[in-house]
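Coordinate inspection notes
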Amino acid sequence: MKLGVNIDHVATLRQARHTPYPSIAEAIRAVERGGADGITMHLREDRRHIQDEDILTAHQYLNTRLNMEMAATEEMIAIALKVRPADCCIVPEKREELTTEGGLDVIGMGERLIRACQELSNCGVRVSLFVEPDTKLLKAILATGAPVIELHTGTYANAANEKAREAELQRLESMAATAHAAGLQVNAGHGLDYENVAAVAAIPEIAELNIGHSIVARALFVGLEQATREMKARMLAARSA
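Before going into details, it helps to say that this report is about the structure given with it. Keep in mind that this is a model prediction, so the values were computed, not measured.

Analysis parameters
- Residues numbered from 1 in each chain as written.
- Predicted model: local features only at pLDDT ≥ 70, side-chain atom pairs only at ≥ 80, totals over all residues.
- Heavy atoms only, no water.
- Helix = DSSP H or I, 4+ residues; strand = E, 2+ residues; numbered from the N terminus.
- Rg over C-alpha atoms; globule rule 2.2 N^0.38 Å.
- Contact = heavy atoms within 4.5 Å.
- Areas by Shrake-Rupley, 256 points an atom, 1.4 Å probe, with all protein chains shown as cover.
- Lys, Arg positive; Asp, Glu negative; His and termini not counted.
- Charge placed at Lys NZ, Arg CZ, Asp CG, Glu CD.
- Axes fitted to C-alpha atoms, helices over the stretch in contact; angles between N-to-C directions.
- Parallel < 35°, antiparallel > 145°, perpendicular 65-115°, else oblique.
- Left-handed = near helix turned anticlockwise from the far one by under 90°.
- Nonpolar A, V, L, I, M, F, W, Y, C, P; charged D, E, K, R; others polar.
- Patch = residues over 30% accessible without salt bridge, like charges linked within 9 Å, V, L, I, M, F, W, Y side chains within 5 Å.
- Salt bridge = Lys/Arg side-chain N within 4 Å of Asp/Glu carboxyl O.
- Phe/Tyr/Trp six-rings, centres within 6.5 Å; stacked < 30°, edge-to-face > 60°.
- Lys NZ or Arg CZ within 6 Å of the ring centre and 35° of its normal.
- Polar contact = N/O pair within 3.5 Å; in protein donor to acceptor, adjacent residues only side chain to side chain.
- Pairing = 2+ DSSP bridges.

**Observations regarding the overall build of the chain**
Helix and strand counts for the chain stand at 11 helices and eight strands. Taken against the 2.2 N^0.38 rule, which gives 18 Å for 241 residues, the C-alpha radius of gyration of the chain at 17 Å falls within 12% of a compact globule. Dimensions of the chain along its principal axes, counting C-alpha atoms only, are 45 × 40 × 30 Å. Within the chain, contacts between residues at least 6 apart in sequence are counted, and of these 66% link residues at least 24 apart. Of the roughly 11000 Å² of accessible surface on the chain, 51% is carried by carbon and sulfur atoms. Of note, the chain has its 26 positive side-chain charges centred 2 Å away from the centre of its 33 negative side-chain charges.

Rendered as structure tokens:
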């Protein structure tokens, strides 16, 4: 099982004072030493954390691969075509939100997503769609041509009680199995932390988890390399149990 570490909130700290530190390059090196299999950066339209220069220069520091999270806008697609990251994860985006809220409207955005997937894949970029764990979306997802989906785990992570969390976990398990059987690679992420990650990591069809906030928060006390190592260890332990 692979771990992609989202380093957006390293940039959040930097942008709070518009300083040159903490260094994105150092963050990349630290999480890779800790066992990360990839680096995720979300270039938001409002540029609240990751900046264009971070995306454009990331290849200079990477030993793994870059997963660029982005909205399906002409501006972001143009940047992705210039950068040509290994992966692009298309996510919904609202300027007023604190963080990504829910999955894509795959049905309503069908034509736009098809065009985005075609443009990116033609340049060798693998496309992932950030979606809700709802099997009713599968037909629309397959129509886009995207080879990967990332299941939104925020509802699971923020469940009010154990019953609600278990119900959401069952939705994740069902969608992961159905999508995998249809030939899609299944990833997952959002809201996962050291306490709730095990149940999701144990789902056999999930190939990769993308986790950011909890790792960066843990890094305040143990450092980014160790925080990454601890998360990867919990994931692998859950998978092998």
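**Notes on the packing of helix H2 (residues 24-33) against helix H11 (residues 224-240)**
Contact geometry of H2 with H11 gives a least axis separation of 7 Å together with a crossing angle of 40 degrees. When the axes of H2 and H11 are compared, the pair comes out oblique. The element H2 and its partner H11 pack so that their crossing is right-handed. Facing Ala27, Ala30, Val31 and Arg33 of H2, the residues of H11 in contact are Leu224, Glu225, Thr228 and Arg229. Its residues assigned to classes, the contact of H2 with H11 shows four nonpolar, one polar and three charged.

**Looking at a nonpolar patch on the surface**
Taken together, the side chains of Leu220, Phe221 and Val222 define a hydrophobic patch exposed on the protein surface, amounting to about 350 Å² of accessible area. The residue Leu220 is located in helix H10 (residues 213-222) in this model.

**Here's the deal with the packing of aromatic side chains**
Under the counting rule described, the total for this entry stands at zero aromatic pairs. Across the ring face of Tyr156, the terminal group of Arg165 is positioned such that the distance to the ring centre comes to 5.2 Å.

**Regarding the environment of His152**
Summarising the element assignment, His152 is placed in strand S6 (residues 148-152). On a C-alpha basis, the gap between His152 and Asn122 in space is 26 Å, while along the polypeptide they are 30 residues apart. Only 2.8 Å separates the side chain of His152 from the side chain of Glu132, close enough to count as a polar contact.

**Describing the sheet that holds strand S3 (residues 66-70)**
The eight strands are arranged S1-S2-S3-S4-S5-S6-S7-S8 in a closed barrel whose pairing can be described as parallel. Within this sheet the neighbouring strands show an average axis-to-axis angle of 25 degrees, counted without direction. Both strand S2 (residues 38-42) and S3 contribute to a ladder of four bridges, which runs parallel. Considered in S3, the bridge of Met41 is made with Met68. Against the sheet, helix H4 (residues 74-83) touches S3 and strand S4 (87-90), its axis set at about 170 degrees to S3. Across the sheet, H11 lies against strand S1 (2-6) and strand S8 (206-211), angled at about 150 degrees from S1, the strand it touches most.

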